[in-house]
Amino acid sequence: MKYIIGNWKANKNLLEAKDWVDKCISTIKRSQNILNLLSNNSLSIIIAPPYPYIGLMKEYIGDRQGVFIASQDVSVKEGGSYTGEVPAKSLADFINFTILGHSERRINFSETDEQIHEKIVNLKKYNIEPVLCVRDENDVIHNEVRYIAYEPASAISTGPIAKRVSAEDVAAMKKRLNLPPESKYLYGGSVNADNCQEYLKNEEIDGILVGSASLDPYTFCSILEKTQ
Ligand code: PGA
């Protein structure tokens, strides 16, 4: 099973979001290869749009086998009088996964490992799987987490450096992270339609987290197409 996560970050308006979903669904429906991968449980597609489009995605996608919705974050609070927060309880009917601890949150919003842990506890109460992003072995890998994405900040395509990391280096980091055997290990950082196969073919890597290259539906579908 390979996991492919499309992280839209803070991009798209409503029209663009609808257009993306229309084009992506119709491309998948035309691709016998992607349909086979989904029905064989060889591929999980996880789309992480901004909060306002999560409900829309759910309507479009419904309970399609192998296609899931993720949020890009969750509140540290369980709920209550916290204006502006989006707690796990409000997301639970829509999503299966939440991306946590992305370097853009750690760096721009000073998110700490303690806050990430509180978020994990809240997500688990509502059966939402956290996908924990770590930049290297210095970020805490919380015991409860099964999905770990290695995402060095320097490899992110929109960052100041965008230094690509080879699949061999990603696999070497897996050893250093010392993950529990049942973990799913993903990689994110400048993954695109040209280089995705290098990661997807590597047996140590269970999937990829795709940012910029997920914004265009056809590019994203060509990445899905290259899974196997
Ligand atoms: P990128 O982003 O694919 O644009 O490098 C990946 C991420 O930040 O999750």
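Residues numbered from 1 in each chain as written. Predicted model: local features only at pLDDT ≥ 70, side-chain atom pairs only at ≥ 80, totals over all residues. Heavy atoms only, no water.

Looking at the packing of aromatic side chains
What characterises a pair of aromatic rings is the spacing of the ring centres plus the angle enclosed by the ring planes.
So, step 1. Following the criterion strictly, the structure yields 7 aromatic pairs and no others.
So, step 2. Ring centres 5.8 Å apart and planes at 80 degrees place the aromatic pair Phe68 and Phe97 in the edge-to-face group. Here Phe68 is found in strand S3 (residues 67–71), whereas its partner Phe97 is found in strand S4 (residues 97–100), with 29 residues between them in sequence.
So, step 3. Ring-pair connections join several aromatic residues into one group, and the members of that group are Tyr3, Phe68, Phe97 and Tyr147.
So, step 4. When the ring centre of Trp8 is taken as reference, the NZ or CZ atom of Lys12 above it lies at 5.2 Å.
So, step 5. One cation-aromatic arrangement involves Arg105 over Phe109; the distance from NZ or CZ to the ring centre is 4.5 Å. (Phe/Tyr/Trp six-rings, centres within 6.5 Å; stacked < 30°, edge-to-face > 60°. Helix = DSSP H or I, 4+ residues; strand = E, 2+ residues; numbered from the N terminus. Lys NZ or Arg CZ within 6 Å of the ring centre and 35° of its normal.)

Concerning the side chain of Asn7
So, step 1. As for its position among the elements, Asn7 is in strand S1 (residues 2–7).
So, step 2. Judged by its relative accessible area of 4%, Asn7 is buried.
So, step 3. Among the polar contacts listed, one links the side chain of Asn7 to the backbone nitrogen of Lys9, at a separation of 3.0 Å.
So, step 4. Beyond its immediate sequence surroundings of up to four residues, Asn7 is in contact with Ala48, Gln72, Ile99, His102, Leu209, Val210, Gly211 and Ser214. (Buried < 20%, exposed > 50% of the residue type's maximum accessible area, 1.4 Å probe, protein only. Polar contact = N/O pair within 3.5 Å; in protein donor to acceptor, adjacent residues only side chain to side chain. Contact = heavy atoms within 4.5 Å.)

Describing the side chain of Ser75
So, step 1. Relative to the assigned elements, Ser75 resides in the loop between S3 and helix H4 (88–91).
So, step 2. At 2.6 Å, the side chain of Ser75 forms a polar contact with the side chain of Glu85.
So, step 3. Excluding residues within four positions of it along the chain, Ser75 makes contact with Glu85, Val86, Pro87, Lys119 and Asn122.

Observations regarding the packing of helix H1 (residues 14–30) against helix H9 (residues 217–225)
So, step 1. With their axes 9 Å apart at the nearest point, H1 and H9 run at an angle of 35 degrees to one another. Considering only the axes of H1 and H9, their crossing is right-handed. In this structure, H1 uses Trp20, Lys23, Cys24, Thr27 and Ile28 to contact H9, whose residues at the interface are Pro217, Tyr218, Phe220, Cys221 and Leu224.
So, step 2. Of the residues belonging to the contact of H1 with H9, the class tally is 8 nonpolar, 1 polar and 1 charged. (Axes fitted to C-alpha atoms, helices over the stretch in contact; angles between N-to-C directions. Left-handed = near helix turned anticlockwise from the far one by under 90°. Nonpolar A, V, L, I, M, F, W, Y, C, P; charged D, E, K, R; others polar.)

Some thoughts on the pairing of strand S6 (residues 147–150)
So, step 1. The alternating pattern of S6 places Tyr147 and Ala149 and Ile148 and Tyr150 on opposite faces, both of which are buried.
So, step 2. Here 4 bridges tie strand S5 (residues 129–134) to S6, and the two strands are oriented parallel to one another. From the neighbouring strand, Val134 faces S6, where its bridge partner is Tyr150.
So, step 3. Across 4 bridges, S6 lies against strand S7 (residues 184–188) in parallel orientation. When the sheet's bridge partners are listed, Ala149 is paired in S7 with Leu186.
So, step 4. Between S6 and its parallel partner S7, the chain crosses via helix H7 (residues 167–177), and the hand of that crossover is right-handed. (Pairing = 2+ DSSP bridges. Right-handed = clockwise from strand over helix to strand, strands pointing away.)

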